[in-house]
Amino acid sequence: MRERITFIQKQGDSIEPTTLKIKGGVLNGPEIQAAREDRLTIAIDELPADLQALLGAAHELHIRYVSSQPYEAITPLLARLPPGFHLFYTPASQADATSPALCLALNQAFGNVQCENPEESFTTLPRDRFSHSAAYQFYQQSGDLSPFIKLAKEKLCSSSKDQSCAARADRLTDASSLDISYDAISHAVKLTATWPYQKQEVHATSRPQTRTEVGVLNSDRPGHLEPHELGISGLLTVLGQDKKPSATMFAFASRHRDAMSSFSAEFLEPTGLHPTLKLKLESSKPPTEDAYCSPHAYFTLPKTIFADRHQLSDDLFLASKNLTGLRYISQPVDLEAPEYVEKRWGSSLLLELSPPKHEKSEAWTAQVPLHLRYLSPAEGGYTDIQVPYPAVFWACAAEEGTKFPNNPFEKANLGYDGLFGPRTVFWHVEPRPTVGSRLSNMIKVPVLDTNKAEWVSGGTGLAVLLGFAWIVWKLFGVLSKSGYQNQPARAAEVVKAKKNQ
């Protein structure tokens, strides 16, 4: 088992090495402004038997939880996803895709995860474009990590001699993201938690039978950096091995960069059953002039709402909304089915946006047309749904021959990265809500009022009965006046009269 604890400051920040005190496997330091990332790497044979059996049925499994609270991301922890619970999965065999074992485990670990098995509840990802994409995707809006924290205490802390294990698990409540990754090649599980850029005390404790490495780092730009590289400098120490921290400096290629701009999202009023989401971007200027760049928005829409790919294929309509084109939408998307009969989680889509063609940077907007499904009846006649913010970024092509090997802070399997080539660099735009403090928008949807449902069903039955009675009455009136038996004779007389004419 290996552990890495990293405090990351912005460029220009630094900490005096003498302020870090190491004693008995414990590192203490001053309070600093920094982001924090904790990563725990566990070999599969160190896990409980039930988790080993579950992961044995997976070729790769990536779980990404992103908080719905806004947070500031700093270099190199810049990769973003829409807020919520994301899962990317490739089964070891096709038979494993029909097993409910994964969904049962997710319900135990994360609470009310609405899935039956990957084949029925997940959507498939295109693997014909680039091989680094997983086979299945799942998404669900999630409130917090309380169920996972409880499970972590039971599975990891109950047999641990580390007295701080439970307290560290509780700290996940304030985490901006949690990643759990496994692949059959490394035979290891990586748990990575990130806390946003804020004031926090430098403190780390080593765990028994665990190699614990602690870094207090900041982004740097030495003169030899390539355009696609990031520089890092600071202090490193291995608890229980080093008596004092040592200085370090290194550089690595990164596909995720900071666009140094922001955006907000809100629905146009009135929303109706066909709401339009307006994206307001702070800057229309590409983040770099050395490569071709285009802005994109990546959506994970719950099954209560969807986008119509036919509507988004009209070039004139797209141009009127400052959209360039629909680059991807998960399939199938039933345009008519109500929410309560849909088994799949929803849909994901990637839209290319069309910024104004001006030399100077300026704020601009793009509009995304969406459609609500019919929802289950509810008391009061209305149901509130939440629609998460998209991930907005500029996709820029790196120079020919540029390679992006794995780096210590790299995130892959994000859903949208598999839709681009391996030389694409993502310059992320920070989401900043203008209303409320969550990265989501609420829509009040009209539904059948359960308090009036009996009147509706009874009224419908009465209307059908009255209509049927009216038709029977009209037919009876016609027959009573002319009579059924007289009709053939009268018809014959009419024919005979016409012949005589």
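Structure: see above.
Residues numbered from 1 in each chain as written. Predicted model: local features only at pLDDT ≥ 70, side-chain atom pairs only at ≥ 80, totals over all residues. Heavy atoms only, no water.

### Some details on the side chain of Asn413
1) Next: Counting through the fold element by element, Asn413 comes out in the loop between strand 22 (391–397) and strand 23 (424–431).
2) Next: Judged by its relative accessible area of 12%, Asn413 falls in the buried class.
3) Next: Only 3.3 Å separates the side chain of Asn413 from the side chain of His62, close enough to count as a polar contact. (Helix = DSSP H or I, 4+ residues; strand = E, 2+ residues; numbered from the N terminus. Buried < 20%, exposed > 50% of the residue type's maximum accessible area, 1.4 Å probe, protein only. Polar contact = N/O pair within 3.5 Å; in protein donor to acceptor, adjacent residues only side chain to side chain.)

### Quick look at the pairing of strand 10 (residues 211–220)
1) Next: By the criterion of burial, strand 10 is predominantly enclosed, with seven of the ten residues buried.
2) Next: Sheet topology note: the strand 1 (residues 2–9)/strand 10 ladder contains eight bridges and is parallel. Looking at the pairing, Arg2 lines up with Arg211 of strand 10.
3) Next: Pairing between strand 10 and strand 11 (residues 229–238): eight bridges, direction antiparallel. The residue bridging Val214 from the neighbouring strand is Thr237, located in strand 11. (Pairing = 2+ DSSP bridges.)

### Considering empty space enclosed by the protein
1) Next: All told, the structure shown has seven cavities of 30 Å³ or more when counted by the stated rule.
2) Next: By volume, the largest cavity is sized at about 350 Å³.
3) Next: Every residue lining the largest cavity is counted, 20 residues in all, and those nearest its centre are Leu40, Leu156, Arg168, Ala169 and Leu172.
4) Next: For the lining of the largest cavity, the elements supplying multiple residues, two or more each, are strand 3 (26–43), helix 4 (146–157), helix 5 (165–170) and strand 9 (188–205).
5) Next: Among the residues forming the lining of the largest cavity, the class breakdown is twelve nonpolar, one polar and seven charged.
6) Next: Lining the second largest cavity are 22 residues, and of these Leu77, Leu78, Ala79, Thr194 and Lys411 lie nearest its centre.
7) Next: Where the lining of the second largest cavity is concerned, the elements lending two or more residues are strand 3 and strand 9.
8) Next: If one sorts the elements of the lining of the second largest cavity by residue count, strand 9 sits on top with four residues.
9) Next: Broken down by class, the residue content of the lining of the second largest cavity amounts to twelve nonpolar, six polar and four charged. (1 Å grid on protein atoms, 1.4 Å probe; cavity = no way out; pocket = protein on both sides within 12 Å on 5 of 7 lines; lining within 4 Å. Points joined across faces, edges and corners; volume = space filled by probe spheres on them. Nonpolar A, V, L, I, M, F, W, Y, C, P; charged D, E, K, R; others polar.)

### Quick word on the packing of helix 2 (residues 101–110) against helix 4
1) Next: Where helix 2 meets helix 4, the closest approach of the two axes is 6 Å, and the angle between their N-to-C directions is 95 degrees. Accordingly, the angle class assigned to the pair helix 2 and helix 4 is roughly perpendicular. Across from Gln108, Ala109 and Phe110 in helix 2, the residues of helix 4 making contact are Pro147, Phe148 and Leu151.
2) Next: Looking at the contact of helix 2 with helix 4, its residues break down into five nonpolar, one polar and no charged. (Axes fitted to C-alpha atoms, helices over the stretch in contact; angles between N-to-C directions. Parallel < 35°, antiparallel > 145°, perpendicular 65-115°, else oblique. Contact = heavy atoms within 4.5 Å.)

### Observations concerning the layout of surface pockets
1) Next: Looking at the largest pocket, its volume works out to about 1200 Å³.
2) Next: Around the largest pocket sit 45 residues that line it, and Lys190, Asn406, Asn407, Glu410 and Ala412 are the ones nearest its centre.
3) Next: Contributing elements (two or more residues each) for the lining of the largest pocket: strand 1, strand 3, strand 4 (58–66), strand 8 (177–183), strand 9 and strand 10.
4) Next: Its residues assigned to classes, the lining of the largest pocket shows 14 nonpolar, 14 polar and 17 charged.
5) Next: By volume, the second largest pocket amounts to about 960 Å³.
6) Next: In terms of lining residues, the second largest pocket is bounded by 37 residues, among which Thr75, Leu230, Arg257, Asp258 and Trp427 are the most central.
7) Next: Only strand 10, strand 11, strand 13 (256–267), strand 22 and strand 23 provide two or more residues apiece to the lining of the second largest pocket.
8) Next: Of all the elements, strand 23 adds the most residues to the lining of the second largest pocket, at five residues.
9) Next: Classifying every residue of the lining of the second largest pocket gives 14 nonpolar, nine polar and 14 charged.

### With respect to the state of the cysteines
1) Next: Enumeration over the complete set of coordinates arrives at two disulfides.
2) Next: A sulfur-sulfur distance of 2.2 Å marks the disulfide that ties Cys103 to Cys115. On the sign convention where negative means left-handed, the S-S torsion of about -135 degrees between Cys103 and Cys115 marks this disulfide as left-handed. Of the two residues, Cys103 is situated in helix 2 and Cys115 in the loop between helix 2 and helix 3 (118–121); the sequence distance between them amounts to twelve residues.
3) Next: Under the relative-accessibility criterion, Cys103 is labelled buried at 2%.
4) Next: Since its relative accessible area comes to 12%, Cys115 is described here as buried. (Disulfide = S-S within 2.5 Å.)

### Describing a nonpolar patch on the surface
1) Next: The grouping of Trp470, Ile471, Trp473 and Leu475 at the surface amounts to a nonpolar patch, some 500 Å² of accessible area in total.
2) Next: Take Leu475: it is sitting in helix 7 (residues 453–482).
3) Next: Since its relative accessible area comes to 53%, Leu475 is described here as exposed. (Patch = residues over 30% accessible without salt bridge, like charges linked within 9 Å, V, L, I, M, F, W, Y side chains within 5 Å. Areas by Shrake-Rupley, 256 points an atom, 1.4 Å probe, with all protein chains shown as cover. Salt bridge = Lys/Arg side-chain N within 4 Å of Asp/Glu carboxyl O.)

### Quick notes on the pattern of salt bridges
1) Next: The tally for this structure, following the rule as stated, stands at 15 salt bridges.
2) Next: Arg168 is the partner of Glu3 in a salt bridge, and the nearest nitrogen-oxygen pair spans 2.3 Å. Placement of Glu3 in strand 1 and of Arg168 in helix 5 is noted, with a sequence separation of 165 residues between them.
3) Next: Accessibility expressed as a relative area gives 6% for Glu3, which makes it buried.
4) Next: Among the salt bridges present, the one from Asp38 reaches Arg168, with a minimum N-O distance of 3.4 Å. Residue Asp38 is found in strand 3, and its partner Arg168 is found in helix 5; the two are separated by 130 residues along the sequence.
5) Next: Each of Glu3, Arg36, Asp38 and Arg168 takes part in salt bridges that share partners, so that together they form one network.

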